Structures are given as C-alpha cells and as structure tokens.
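What the coordinates show
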Amino acid sequence: MDGAGNTSRCTDSVCILRPDARDIQYPGHFDGFDLPYLECDQNFPKLPGGNPSPEFTGHPIPNGCNTLVATYSDLKIVVCEKTYKVIRRWQIVDWCSRENFEYSQLIKVVDDEAPEFELPQDYTVGMTPWSCGSYGKILPPFNVTDCSSWSYDVYVKLPDPVTGNAGPKIKDYIKYNKQDKCFYLDGAPEGRIWVVYVLTDACGNEAEDFIEIGVVDDQMPVAICDQRTVVTLTSDG
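Residues numbered from 1 in each chain as written. Predicted model: local features only at pLDDT ≥ 70, side-chain atom pairs only at ≥ 80, totals over all residues. Heavy atoms only, no water.

**Details of the pairing of strand β3 (residues 83-94)**
Where strand β2 (residues 68-80) meets β3, twelve bridges bridge the pair, whose relative direction is antiparallel. Paired with T71 across the bridge in β3 is Q91. The hairpin formed by β2 and β3 contains two residues between the paired strands. The pairing of β3 with strand β4 (residues 99-110) spans eleven bridges and is classified as antiparallel. Following the sheet pairing, D94 is matched in β4 by E99. In this structure, the hairpin formed by β3 and β4 is closed by a connection of four residues, where R98 is found at a positive phi of approximately 65 degrees. (Pairing = 2+ DSSP bridges. Helix = DSSP H or I, 4+ residues; strand = E, 2+ residues; numbered from the N terminus.)

**Regarding the nonpolar core**
The biggest cluster of nonpolar side chains holds 21 residues, and the ones touching the most others in it are I138, V154, L185, V195, Y197 and I213. Of all elements in the fold, only β6 (123-125), β9 (150-157), β11 (182-186), β12 (191-201) and β13 (206-215) reach the threshold of two or more residues within this core. (Core = buried A, V, L, I, M, F, W, Y, C linked by side-chain atoms within 4.5 Å. Buried < 20%, exposed > 50% of the residue type's maximum accessible area, 1.4 Å probe, protein only.)

**Quick look at a negative patch on the surface**
Taken together, the side chains of D41, D112, E113 and E116 make up a negatively charged region of the molecular surface. Residue placement: D112 occurs in the loop between β4 and β5 (116-118). For D112, a relative accessible area of 31% translates into the label partly exposed. (Patch = residues over 30% accessible without salt bridge, like charges linked within 9 Å, V, L, I, M, F, W, Y side chains within 5 Å. Areas by Shrake-Rupley, 256 points an atom, 1.4 Å probe, with all protein chains shown as cover. Salt bridge = Lys/Arg side-chain N within 4 Å of Asp/Glu carboxyl O. Lys, Arg positive; Asp, Glu negative; His and termini not counted. Charge placed at Lys NZ, Arg CZ, Asp CG, Glu CD.)

**A word on the sheet that holds β11**
Strand order in the open sheet formed by three strands is β7-β11-β10, with antiparallel pairing between adjacent strands. With partners counted over all chains shown, the strands left at the sheet margins are β7 (135-138) and β10 (174-177), one partner each. Sheet twist, expressed as the average angle between the axes of neighbouring strands with direction ignored, equals 35 degrees. (Axes fitted to C-alpha atoms, helices over the stretch in contact; angles between N-to-C directions.)

**Looking at the environment of V79**
Here V79 is to be found in strand β2. Along the sequence, V79 and V110 sit 31 residues apart, while their C-alpha atoms lie 9.0 Å from each other. If sequence neighbours within four positions are ignored, V79 has contacts with Y84 and K85. (Contact = heavy atoms within 4.5 Å.)

**A short note on the state of the cysteines**
Tallying each qualifying case throughout the model produces two disulfides. With its sulfur 2.0 Å from that of its partner, C40 forms a disulfide with C147. One quick way to see it: the torsion about the S-S bond of C40 and C147 is about 95 degrees, and its sign makes the bridge right-handed. Pair noted here: C40 is in the loop between β1 (38-39) and α1 (54-57) and C147 is in the loop between β8 (142-145) and β9, with a separation of 107 residues, a long-range link. Under the relative-accessibility criterion, C40 is labelled buried at 18%. Exposure remark for C147: the relative accessible area of 23% places this residue in the partly exposed category. What pairs with C80 in a disulfide is C203, and their sulfur atoms sit 2.0 Å apart. Measuring handedness by torsion sign, the sulfur bridge of C80 and C203 sits at about 100 degrees and is right-handed. In this pair, C80 sits in strand β2 while C203 sits in the loop between β12 and β13, placing the two residues 123 residues apart along the sequence. There is no split in this pair, since C80 and C203 are both buried. (Disulfide = S-S within 2.5 Å.)

Printed below as a string of structure tokens:
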C-alpha cells in the first residue's frame, strides 16, 4: 500500500526440502595429508578419555538438522607415550528414509619435537688426592619441556692434542651414581673437557647441547717421608 491507499498483492512459493545424504558434511582426516595432524602440545578440546573432541575435528551433521543423526566410536592406536592414532567410526542415520551411512575419520596426534632444555654455565671441578684425576658432579639439565617423559645421558669430548679441537663423543670418565641419580666426572685429566648432554623423550625425539668443564689441580703438595730411618755408623763415627 502506498500513501494514496493503492494496494498490490503477489504470491510466492517457499520450498522446504527434507535433509538427506547430500547434506552430510563428512569431516576431514587430520593425518598430515588431508589436513595437518595435531601436535601433542596443541591446545584443542579433548574428550574425557583424552581423544580430540568432534568440536574441533568436525561433526558430519549440520546444526539445526533433526532428521539426520550421527554417533561415533573411537579406536585408539598408541604409537608411543604421546603419539597415537584415532580411527573415529561415524554411524549416520536418516530417520525419514531409514538410510544408514558409515564413515571412518582418521586423526593423528603426534609428538615429533625433541625436548627443549637449559644447561648450567661452564664451571670447574677439582681433583682427588693421589689420583691426579677429576672428581665432581655433572650438574643436570633444567627447565626441560616436552610432551612426553624424558631421560638424559652424558658424554665427554676431549681436546685433540694437536689442534685443540673437540674430539669424538665418548663415555670415558663418566660414572653414574644410582643413589643420587647423578653423573660424575671421574678421573679426567687436568684441562678443558666438553660435556655433552643428550636428552631423549619417550617417542625417540633427541636433542643435545654441551658445556665446558675445567679440571683444575686444586690439591696441595703432599710430602712423603719415611716414618723411621736407621743409620749405621762406622767405627770412626
């Protein structure tokens, strides 16, 4: 109706189509091919059992559709401590046509990063009496971050006698004390030693770094004397 009171009418048709299989939105695979796999330290919503939630990895039924219903079950395959694969089996039912659809979604959660850590500053250790060899605790790494549990090992590199450069990584002079669970530098000669830390997590990711430890002779000289000396005099003294 306009301002003068004139009116006009028209008729239109609105078609409401019933949802069917064409409306199913199959979620992608988080497998590193279809979509990137998930990192173990990635912040994504999880189900009570720890698997990624469909809120993040996708749901096949659009919002507002009540004639298509989907349920799922997860098969979890553990590769290592924080790396696993989930085969999510979707079961989709069209209540109007009674059609049933099945779909398997692949989801990978991966720990492929080596541990990150910090090491103590370079320091010196002394020698033990009588041995002319080192004895001192090798300080452990700290501020270690990793998805998985981790462990570390220690090696040394000795300077090349000609060039002074670091030699190959060896286990000489390294002793492990099971009581205090620490490594010790035992018997190393005086001078500069490179100590190499190798950290490995439960999924086999490995990182290494090194510090320098100086072995110094901090022992006072020890005089060795006979406790008793017998002198035989001749007849003329």
